[in-house]
Amino acid sequence: MRLSLRLAASALSCSVLAFAAQAQTVATPERVIVNLTETPATSLAFNWRAEAGAGDGFIEYAVLTPGPAYPAQAVRLPAQRTPAAFTTRDQQNVAADYYSVRLTGLTPDTQYVYRVGKEGAWSPWRQVKTAAAEVRPFTFLYMGDVQNDIRSMGGLAVRRALRQTPDAAFMLFAGDLINRADNDAEWGEWFDMDAHRLAETPSLMTPGNHEYMKPQGETRQRLAPQWRLQFALPENGPSETLSETVYRVDYQGVRVISLDADMFDEDPQAARDQVAWLERQLTDNPSRWTVVFLHYPLYSTARGRSGEDLRAVLQPVFDRHHVDLVLAGHDHTYGRGRPHDQGPVYMVSNVGPKQYPLGDLNWTDRKASGVQVFQQIEVTGDRLTVRAWTMDGALYDAFRLDKSGEDPARLTDLRPATPELILRREDPQ
């Protein structure tokens, strides 16, 4: 009898614990991220998700206080909820509630705290800072493809970049964040690389070819459904088709422009729309510095690749408007050079473990293969300094751009006197 009672009590206890765990996870926020908006001094965008059926979600935010007073001062706003369910090519059944909210009317150059979720299922309090309304010095991170071994090796590299740049204003990801566009487990790994810092350091990302997929029976590539569900990127691009993949952000004297490289190949009309829109952004540009990032390089670094088709379309535009930096990924190698004195510095970089062999390059001042590299880009008024670091904390490349007036920037090469690293011999896939 006592054994039966103990077994019954144990079963009841397990049921209660299982119910409690289920009740807790139904609404617990995950994949929390903050994105820059087109007005980062006064607004920020937040996304997260919870299990399907979690219901309404909210954000609470306040100015960060010296002590624990901020929860009592927090303002609560409802988030937009989008229930979504789809089956991936790997036959994964994905169902979740996705949330998005944009905070506006924020004070420039101010530290805020926020949490997302709802009663009984809040995220931790996290902090984030708005941009200054005027030109101020700052540093941001640029990272090429993560793509493979995302949580483990890619995550280690991203965390290294964030530890080495603790006050990074934001991060740029140059496409191929994951390997298989609609693989939800890989997206989960990407957010697990550093869940707290991704929720506190604003991000901007541009899609790569691995964010696109061709559903069975269709002839056109489609952007991964998770892209617009998980990110809230600026919607100031040229068309609805290119919304949140082609956009512009002005940050403390730098105009950052994302182009959708895959759509240059996929859709001739989208390519024309991007070029016309790009001309407008560069013609009416209030910022001293201009940085363009896209996935495909105009000058390739991997063996067997060129970039000449994209180069023919975009390089004349970049040269004419004195674009300063063009940042890319895709080639799983490192390269940096300035093929024309009047044009931008072109960079190709790779933060993930997947590596390709270098091609026969005649445009680079510094190159590498077989290394994971991230870049710090420091902006101080009339000077922009770029430093590329390897995983072991060694400075691998560096250069400086100085600009006054409307003339192209002057380049000073600061690369260290160390041998170039040419380590791997794998073929591109």
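Along each chain, numbering runs from 1 in the same order as the chain's sequence is written. It should be noted that, the model being predicted, local features are given only for residues of pLDDT at least 70 and side-chain atom pairs only at 80 or more, the latter also being counted only at that level, while totals for whole chains, interfaces and linings use all residues. As a convention, hydrogens and water are excluded, and side-chain values are obtained from all of the structure's heavy atoms.

1. Some points on the overall build of the protein
Phase 1 of the analysis: In this text, helices come from DSSP runs of H or I with a minimum length of four residues, and strands from runs of E with a minimum of two, each type numbered from the N-terminal end. Scanning the protein from terminus to terminus reveals nine helices and 25 strands.
Phase 2 of the analysis: In this treatment the radius of gyration is a C-alpha quantity, and the globule benchmark scales as 2.2 Å times the residue count to the 0.38 power. What you see for the protein is a C-alpha radius of gyration of 23 Å, in line with the 22 Å of a compact globule of 429 residues.
Phase 3 of the analysis: In terms of overall dimensions, the protein has C-alpha extents of about 85 × 50 × 45 Å along its principal axes.
Phase 4 of the analysis: Contacts between residues were defined by any pair of non-hydrogen atoms, one from each residue, lying within 4.5 Å. For the protein, the proportion of contacts with a sequence separation of at least 24, taken over those separated by at least 6, is 66%.
Phase 5 of the analysis: With residues, only the protein chains shown are counted as cover, and all accessible areas are computed by Shrake-Rupley using a 1.4 Å probe. Of the roughly 18200 Å² that the protein leaves accessible, carbon and sulfur atoms contribute 49%.

2. Examining the packing of aromatic side chains
Phase 1 of the analysis: Ring geometry is summarised as follows: Phe, Tyr and Trp rings, the Trp one being its six-membered ring, pair when their centres sit within 6.5 Å, and such pairs are stacked at plane angles under 30 degrees, edge-to-face over 60 and tilted between the two. A full pass over the atoms with the stated rule returns 19 aromatic pairs.
Phase 2 of the analysis: Seen from their ring centres, Trp190 and Phe191 are 5.2 Å apart, and the 80 degrees between their planes marks the pair as edge-to-face. Taken as a pair, Trp190 and Phe191 share a single burial class, namely buried.
Phase 3 of the analysis: Connected via pairs of aromatic rings, a cluster forms that spans Phe173, Trp187, Trp190, Phe191, Trp227 and Phe231.
Phase 4 of the analysis: Two conditions define a charge located above a ring, namely a distance within 6 Å from the ring centre to NZ of Lys or CZ of Arg, and an angle within 35 degrees of the ring normal. Seen from the ring of Phe58, Arg76 lies directly overhead, with NZ or CZ sitting 5.4 Å from the centre.
Phase 5 of the analysis: Between the NZ or CZ atom of Arg366 and the centre of the ring of Tyr396, over which it lies, the distance is 4.1 Å. Classification of residues uses two cut-offs on accessible area relative to the type maximum, computed with a 1.4 Å probe and protein chains only: under 20% is buried, over 50% is exposed, and between them is partly exposed.

3. Some details on helix 4 (residues 184-192)
Phase 1 of the analysis: By the burial criterion, the buried members of helix 4 are Asp184, Glu186, Trp187, Gly188, Trp190 and Phe191.
Phase 2 of the analysis: For the purposes of these results, a polar contact is taken to be a pair of N or O atoms within 3.5 Å, where, inside protein, one atom must be able to donate a hydrogen and its partner to accept one; residues adjacent in sequence count only when each atom of the pair is a side-chain atom. Of the residues flanking the start of helix 4, the one acting as N-cap is Asn183, its side-chain oxygen 3.1 Å from the backbone nitrogen of Ala185.

4. Observations concerning the pattern of salt bridges
Phase 1 of the analysis: In what follows, salt bridge is the name for a side-chain nitrogen of Lys or Arg lying within 4 Å of a carboxyl oxygen of Asp or Glu. One pass over the structure, following the stated rule, counts 28 salt bridges.
Phase 2 of the analysis: The residue Arg49 makes a salt bridge to Asp184 at a minimum N-O spacing of 3.2 Å. Pair noted here: Arg49 is in strand 2 (residues 44-51) and Asp184 is in helix 4, with a separation of 135 residues, a long-range link.
Phase 3 of the analysis: Looking at Asp184, the relative accessible area reads 8%, which means it is buried.
Phase 4 of the analysis: Across the pair Glu378 and Arg387 runs a salt bridge, and its minimum N-O distance is 3.0 Å.
Phase 5 of the analysis: Given the relative accessible area of 28%, Arg387 is considered partly exposed.
Phase 6 of the analysis: Salt bridges linked by common partners bring Arg336, Asp365, Asp397, Asp413 and Arg415 together as one network.

5. What to know about unusual backbone geometry
Phase 1 of the analysis: A positive phi angle, near 55 degrees, is found at Arg31, a position not held by glycine.
Phase 2 of the analysis: Its location among the elements puts Arg31 in strand 1 (residues 30-36).
Phase 3 of the analysis: The phi dihedral of Glu244 falls on the positive side, at around 70 degrees, and the residue is not glycine.
Phase 4 of the analysis: Along the chain, Glu244 turns up in the loop between helix 6 (225-230) and strand 15 (247-251).

Worth remembering: the numbers are spatial, not functional.
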